[in-house]
Structure formats: structure tokens, C-alpha cells
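# Summary of structural features
The lines below spell out each chain.
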Amino acid sequence: MKFVTDGMLGKLTRWLRMLGHDVNYSNSLDDDQLLEIAKNEHRVLLTRDLQLYQKAMTRGLNAFLVEGNTEAEKLAKLAQRFGLELDFDVTVSRCPKCNTKIEPLAKEKVLDRVPKTTSSYYEEFWECPGCKQIYWRGAHWKRIDKTLEEAKKALKT
Ligand SMILES: [Zn+2]
């Protein structure tokens, strides 16, 4: 799905991109710019600002008021509303930093770009063609799974 998120949702933006969604985000956009993007790019506006949400609704835009305290709770609300999958699939992931779809990268191409301990321990790597960031299944992947498990639990309650 395609979203545009307000400046308060930087963390949620990274989550949605990791889950494969196209998210337009910049913390320097004002309300009118966010509404313009939602309209022109046919994106769902995600916001925690009730006033902005109401403005979007009166203009007939697709918007969602994001409630919940933790990222897991927010993801659960989004999953409930939009039927989002809460499973992490790296083949559809986008770069959390810049929204570009990440691509597999041969191990020999990362050898001089990641710490030696990393390249000796991991076999699979991905690169963002946009910002050149390299990703691998490091410790943060376990945290990703944990948060998604929490989100799934929150969805059931
Ligand atoms: Zn990137």
C-alpha cells in the first residue's frame, strides 16, 4: 500500500517500509503539503494529529488516525484497518531510510564494506540501490520478529 506519514511517525514509517509498503515521509512537511501528497499521489495519510485527520476527511482523502502507544500497537491498528500482513518478508522490503526496494547483494561484493566479523558470520546481504545501505540478518532482525509477534498478539485482543 502507499502511505504518506506525518512528522511524528518516523519510526512507524521505517516499520512500514520494512514490511514492503511505499511510504512518503519527511519531517519537514507541513499539513498542506501532506494533504497535497495524499491527494496527488493517491496515498493514505497516516497521522496522530486529530485536526489534520479531520482536514483530510473533509477534503475526501483517505486518511487514518494512528492510535496506540508502542510500534506494535500502531502496527496492529494498521493491520486491522488495512489488512496489512505482519510477517517480515525481505524479498518485498524497502529501505527503512529512503523507501527504495532493497536487492540481494552477492557476499563477495560486501567484503570491503562491512566489518569482517559480519562478513564471516553472515551469508546473505541486501543493498539499497538508493542510499547504498547494506542490510543483513543481524541482531536487529530478532527484535523485528519480536515486535511483529507483539503486534499479532495485540491484533487478536
Ligand atoms: Zn536506502
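Our structure's up above, just so we're on the same page.
A brief report on the enclosed structure follows. (Residues numbered from 1 in each chain as written. Predicted model: local features only at pLDDT ≥ 70, side-chain atom pairs only at ≥ 80, totals over all residues. Heavy atoms only, no water.)

## Structural notes on the sheet that holds strand E5 (residues 103–105)
An order of E5-E6-E7 is seen for the three strands of this open sheet, with the pairing classed as antiparallel. The open sheet terminates on both sides in strands that have one partner only, identified here as E5 and strand E7 (134–135). In this sheet, strand E6 (residues 125–127) lies alongside E5 in antiparallel orientation, the contact comprising three bridges. Bridge pairing in E6 places Leu105 opposite Phe125. (Pairing = 2+ DSSP bridges. Helix = DSSP H or I, 4+ residues; strand = E, 2+ residues; numbered from the N terminus.)

## Section: the sheet that holds strand E2 (residues 22–25)
With respect to topology, four strands assemble into an open sheet ordered E2-E1-E3-E4, the strand pairing being parallel. The sheet is open, and its two edges are formed by E2 and strand E4 (63–65), each paired on a single side. Strand-to-strand twist of the sheet, defined as the mean angle between neighbouring strand axes without regard to direction, takes the value 25°. Where helix H2 (residues 31–40) meets the sheet, its contacts fall on strand E1 (2–5), E2 and strand E3 (44–47), and the angle it forms with E1 comes to roughly 175°. Packed on one face of the sheet, helix H3 (residues 50–58) meets E3 and E4 and runs near 155° to E4. (Axes fitted to C-alpha atoms, helices over the stretch in contact; angles between N-to-C directions. Contact = heavy atoms within 4.5 Å.)

## Some remarks on the packing of H2 against H3
Contact pair H2 / H3: the axes reach a minimum separation of 11 Å and the direction vectors enclose 40°. In terms of axis orientation, H2 runs oblique to H3. The chirality of how H2 crosses H3 is right-handed. Contact with H2, carried on its side by Asp31, Leu34 and Leu35, involves Leu52, Lys55 and Ala56 of H3 and no other residues of that element. Within the contact of H2 with H3, the residues separate by chemical class into four nonpolar, no polar and two charged. (Parallel < 35°, antiparallel > 145°, perpendicular 65-115°, else oblique. Left-handed = near helix turned anticlockwise from the far one by under 90°. Nonpolar A, V, L, I, M, F, W, Y, C, P; charged D, E, K, R; others polar.)

## Some words on the environment of Lys132
Among the secondary structure elements, Lys132 is positioned in the loop between E6 and E7. Linking Lys132 and Cys95, residues 37 residues apart in sequence, is a C-alpha distance of 9.6 Å. Beyond its immediate chain neighbours, meaning those up to four positions away, Lys132 contacts Arg113 and Glu127.

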